[in-house]
Amino acid sequence: GGIFRQSRMGALLTVPFSMAASCCGSLLASCCGALACKACGCACITTSRAASVAYILLLSLFVLCALAFGSGGGDIVLFGSGYNSTAEGWLEHMKEQAMGSASSSAESFWNDRFWCKSRHPHGWIICCADVCGGAFSIYRFSFVLALFFGAMALLTCGTTKFGARAHRGFWIAKICLLLSLLVTTLFLDNSVLQGYREFARYTSFAFLLLQILLLIDFAYSWNERWLAYDEESDVDGLCGWKGAILGSAALLYLGSLVGWVLLYIHFGSSECPAQQTIISLTLIACVVLSVLSCSKIAPHGTLLTSAAVTAYATFLCYSALASHPDDGCNPFSHRRHSALDIAVGLLVASISLAGTAWNATSTKNQVIGSDSASPNEQPLDPNAEKEAPAYDEMEEESWWYYHLMMATCALYLSMLLTGWSTEPAYIDGVPTAVGTIDTYDAASYSVGLPSFWVKVVSQWICLLLYSWTLLAPYLLRDHRDFGIEFDF
């Protein structure tokens, strides 16, 4: 009877505390929910340039995470469990056993869906090595970015205030959306990502075209900027900015020359006439364009721009030949994608994206040949972009082309960071996991004719576009005024 009265008394005493705890928990959850809604609904409007830089920093963060998971990722397991030997008393011991049994049942139910459950008898498995490591982890980061920027391109496709707000604001909501999408991809089967990879393999060509346009524009702007510095400088002769221009051009040509020699040594043997032809065409086209840029037909041509295009075309030639599956003509056909390919690819992509972020509205018009931006793209006040506009004072803007470029960049990164790999999702029905593929076989996934032809065609288009920038003012001199005077 005494024990029964004590239990009733204990129950009566715990009721107010339980009600208070429930009330406090509800209030805390409501406050957290309200704060989350306010945070996600916060506009946080920035300037257009700051927004462009923020998107590129976001993309850079995803690239770093993709590289980390791709090279060092593995099984991710949380909350390992075990018996607590410090529990005192039979009641605490029985309670711990009951909770441990319930937790173990739920844990087992959750882990049964993962093939790596035998490695982790305790803990909650988040993902196995085939999902959170290797090439398919990189595809997940790329997939999320492509979805995000594709959605942003659709939201900003019209010249509206809504598009301007969507581009410049709601940063907390965007970060939450990206994290949610990233977690969601953990439940996607690798076969789905394999289909995405093949889609990215061919659509990456679009970013390569944009990159070529932006790279040529960057090379011209580089030369013009240093010439402007030279005119403002008091230093004359080769010790000034002109010497820096000539020195930079000489270094780029020297690097290209060394590259041509190495290409002939490693890829241009007598048994490989196709490879010899590609190297020779690259060499001849680069020399012809360099001479043309210094002739009277192209008085606007510059040696520094030609040197930059020559160096990039030489790199594309190497990258294409290193992707050819012929073992006899490609000594690197069984080598995993090199750090050089990734480093140069990221460098060129960074130059292109940085140029776009620095002058996000005018870069597009400069590349396609417009004299100035459209009225909707020109700020009425030159100092208007020094401060972010208020939410209700936003001008109508369109940013679809910027986000489309970022989406194609995300597709391209899935190829660049994996060496254009064709690694299968499953081998004999077994998921492809980190460390389960022989190095010899894994390297063969980074070569193939599709990747080879994408890079070769990109190089040809690069050389054709640069030749057009040199010849167009002369060929169309009777139809359009380019502001260029010819001496003949």
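Criteria and thresholds
Residues numbered from 1 in each chain as written. Predicted model: local features only at pLDDT ≥ 70, side-chain atom pairs only at ≥ 80, totals over all residues. Heavy atoms only, no water. Helix = DSSP H or I, 4+ residues; strand = E, 2+ residues; numbered from the N terminus. Buried < 20%, exposed > 50% of the residue type's maximum accessible area, 1.4 Å probe, protein only. Contact = heavy atoms within 4.5 Å. Core = buried A, V, L, I, M, F, W, Y, C linked by side-chain atoms within 4.5 Å. Disulfide = S-S within 2.5 Å. pLDDT = per-residue confidence, 0-100. 1 Å grid on protein atoms, 1.4 Å probe; cavity = no way out; pocket = protein on both sides within 12 Å on 5 of 7 lines; lining within 4 Å. Points joined across faces, edges and corners; volume = space filled by probe spheres on them. Patch = residues over 30% accessible without salt bridge, like charges linked within 9 Å, V, L, I, M, F, W, Y side chains within 5 Å. Areas by Shrake-Rupley, 256 points an atom, 1.4 Å probe, with all protein chains shown as cover. Salt bridge = Lys/Arg side-chain N within 4 Å of Asp/Glu carboxyl O. Expected span 1.5 Å × (residues − 1).

## Let's talk about the overall build of the chain
Across its full length, the chain carries 16 helices and four strands. In the chain, which comprises 488 residues, the proportion classed as buried is 39%. Look at the contacts in the chain between residues 6 or more apart in sequence, and 79% of them connect residues 24 or more apart.

## Thoughts on unusual backbone geometry
Although it is not a glycine, Phe170 adopts a positive phi angle of roughly 60°. When you line up the elements, Phe170 lands in the loop between α6 (161–168) and α7 (171–184). For Phe170, a relative accessible area of 24% corresponds to the partly exposed category.

## Side note on the nonpolar core
Counting residues in each nonpolar core, the largest one holds 77 residues, and the members touching the most others are Tyr55, Leu59, Phe149, Leu263, Tyr312, Leu321 and Met406. Per element, the largest residue contribution to this core is 12 residues, and it comes from helix α14 (residues 400–416). Membership of the second largest hydrophobic core comes to six residues, among which are Trp222, Ile245, Ala249 and Leu304.

## Here we look at the state of the cysteines
Summed over the entire model, instances satisfying the criterion amount to two disulfides. Between the sulfur atoms of Cys127 and its disulfide mate Cys132 the distance is 1.5 Å. Here the disulfide of Cys127 and Cys132 is left-handed, its torsion about the S-S bond being about -110°. With relative accessibility at 5%, the residue Cys132 sits in the buried group. Of the cysteine sulfurs around Cys462, a residue in no disulfide, the closest is that of Cys286, at 8.3 Å.

## Concerning the confidence of the model for the chain
Residues of the chain with pLDDT of at least 70 account for 70%, and the chain-wide mean is 75. Per-residue pLDDT stays below 50 along residues 3–21; that stretch engages in zero contacts with residues further than four places along the chain or on separate chains. Confidence over residues 437–443 falls short of pLDDT 50; this stretch has 12 contacts with residues more than four positions distant or in other chains.

## What about empty space enclosed by the protein?
Applying the stated rule across the entire model yields two cavities of 30 Å³ or more. Phe62, Val63, Ala66, Ile138, Phe141, Ser142, Leu145, Ala410, Leu413, Ser414 and Leu417 are the residues that line the second largest cavity. Breaking the lining of the second largest cavity down by element, the ones donating at least two residues are α2 (48–72), α5 (135–155) and α14. Top element by residues in the lining of the second largest cavity is α5. It accounts for four residues.

## Digging into a nonpolar patch on the surface
On the surface, Leu251, Leu254, Leu257, Val258, Val261, Leu262 and Ile265 cluster together into a nonpolar patch covering about 670 Å² of accessible area. Structurally, the position occupied by Val261 is in helix α9 (residues 241–267). On the basis of relative accessibility, which here comes to 45%, the residue Val261 falls in the partly exposed class.

## Describing the pattern of salt bridges
A side chain with one charge may pair with a side chain of the opposite charge, provided their charged atoms come close. Scanning all chains against the criterion turns up three salt bridges. Note that Glu198 is salt-bridged to Arg197, the shortest N-O span being 3.1 Å. A salt bridge links Glu198 to Arg201; its shortest N-O distance comes to 3.2 Å. With Glu198 and Arg201 both in helix α8 (residues 190–232) and three residues apart, this pair spans about one turn of that helix. Residue classification places Arg201 among the buried residues on the basis of a relative accessible area of 2%. Overlapping salt bridges bring together Arg197, Glu198 and Arg201 as one network.

## A few points about α14
Residues that lie three or four places apart on an α-helix share one face, since the helix turns once every 3.6 residues. An ideal rise of 1.5 Å per residue puts 24 Å on 17 residues; α14 measures up with 24 Å between its terminal C-alpha atoms. Counting buried residues in α14 gives 15 out of 17 residues, a clear majority hidden from the surface.

## Side note on the environment of Asn190
Summarising the element assignment, Asn190 is placed in helix α8. Among the residues examined, Asn190 registers a relative accessible area of 2% and is labelled buried. Separated by 51 residues in sequence, Asn190 and Tyr139 place their C-alpha atoms 9.3 Å apart.

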